[in-house]
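Analysis of the macromolecular model
Here is how the chains run, residue by residue.
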Amino acid sequence: MAPQNVEIFDATRLIVAPGFIDIHAHLREPGQESSETIETGTQAAARGGFTAVCCMPNTKPVNDNASVTRFIVDRAKAHGNVRVWPIGAASVGSMGEALAEIAAMKQAGIVAVSDDGRPIASAKLLRQVMEYCRALDLPVIDHCEDSSLFAGAVMREGKQSVRLGLRGMPAATESLAVARDVQVGELTGCKLHIAHLSARASLELVRAAKANGLPVTCEVTPHHFTLTDEDVQYDTRYKMNPPLASREDRDALIAGLADGTVDAIATDHAPHEEALKQVEFDRAPFGVTGFETALGLGLELVHAGNISLLRMVELFTSGPAHVLGMQRRIAENEPADLTIFSTEHKWKFRAEDSASKSRNSPFDGREFRGAPMATIVAGKIVYRR
Ligand SMILES: [Zn+2]
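Below is a summary of the structure that appears in this document. (Residues numbered from 1 in each chain as written. Predicted model: local features only at pLDDT ≥ 70, side-chain atom pairs only at ≥ 80, totals over all residues. Heavy atoms only, no water.)

Take the packing of aromatic side chains next. A complete count under the given rule lists eight aromatic pairs for this structure. Between the aromatic rings of phenylalanine 20 and phenylalanine 316, the centroid separation amounts to 4.6 Å while the plane-to-plane angle is 5°, which identifies the pairing as stacked. Residue phenylalanine 20 is located in strand 2 (residues 20-25), and its partner phenylalanine 316 is located in helix 13 (residues 309-316); the two are separated by 296 residues in the primary sequence. No difference in accessibility class separates phenylalanine 20 from phenylalanine 316, as the two residues are buried. One aromatic cluster in this structure is built from Phe20, Phe50, Phe291, Phe316 and Phe341. Its end group placed over the ring of phenylalanine 286, lysine 239 keeps NZ or CZ at 4.8 Å from the ring centre. Cation over ring: arginine 385 sits above tryptophan 347, and NZ or CZ is 4.8 Å from the ring centre. (Phe/Tyr/Trp six-rings, centres within 6.5 Å; stacked < 30°, edge-to-face > 60°. Helix = DSSP H or I, 4+ residues; strand = E, 2+ residues; numbered from the N terminus. Buried < 20%, exposed > 50% of the residue type's maximum accessible area, 1.4 Å probe, protein only. Lys NZ or Arg CZ within 6 Å of the ring centre and 35° of its normal.)

A separate point is the pairing of strand 4 (residues 83-88). Counting buried positions along strand 4 yields five of six residues, so the element is predominantly enclosed. Bridge analysis of strand 3 (residues 50-55) against strand 4 gives four bridges, and the strand direction is parallel. Considered in strand 4, the bridge of cysteine 55 is made with proline 86. Looking at chain direction, strand 4 and strand 5 (residues 112-113) are connected through two bridges and run parallel. Bridge assignment links glycine 88 to a residue of strand 5, and that residue is valine 113. (Pairing = 2+ DSSP bridges.)

The following block contains the structure:
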């Protein structure tokens, strides 16, 4: 029997899952509030079914010290719609030289360390960061990219980059850096998490590292498991980093999501206000929004028979929790963070109706089968469809 005066939510024919966690997002506050704020970003996250989001440190200023971490934690407490778990920078200003105040940031609430937006600059710096983070039991998340191969490219190198006359980068731009990271990870014993993995060769390195018993994990974004470089047009909503990959890579990512090589689906939600994206392809910043379309795209894999529903739920819940050294389950005395979703509800995503301040989604106008119906954080309904 329910106690009196409580809200009843009828979840008949819906899936009740532990609260979804997004381990890779950009909330743009402090410093770029015209693109997103903690308030609007977490509102979009709640609409996407996420009960917790990890925000990358490439704000202005960079989250490389405890005062910025505390600012984010305090703003999130005051204005956040879901839990916000900050990720601290690995180096001061993410400039790749001096170590950031990692221990002080951990005290202030960071859950991981990354120089995302760019790779951790050198193997030597990565080693130092990993030695610190191993002692503090923090995972190091790396944006894997060899800068000499990256060389100002704006998309994946291939037939389509030639056709469009845009500068391309090969898949090895990513996988070379993954190889470096796995070896430095082995040297230090630190937990390594590969951000937005996009290439088959990178996935094979992660698979081998796992087989060798190394604490290596990785995430894949919905845009990378859905689109390929063949979808790229002169439209900056298709410009992100890493860029959309080849069909072979995309198919390998789907296989990795199914077989457990991939630990988490992460959005890499990267809002940019219209003025920034409404420029030539070459000049536009990288990034696409992602909170509100992630579950719909994950369910496309389920409906197509590529992964099971249970596996998809793991990729949004226990998978990312494991990366962060946490647990996520529905049980007594656990925080009541729940994502309630339909696998059948039909709807169309309209970027202009998004809760995000930005509109830069390649999925504007896409029709979905399945949607979040309610998002519950600490027992409170923060979104209801
Ligand atoms: Zn990145």
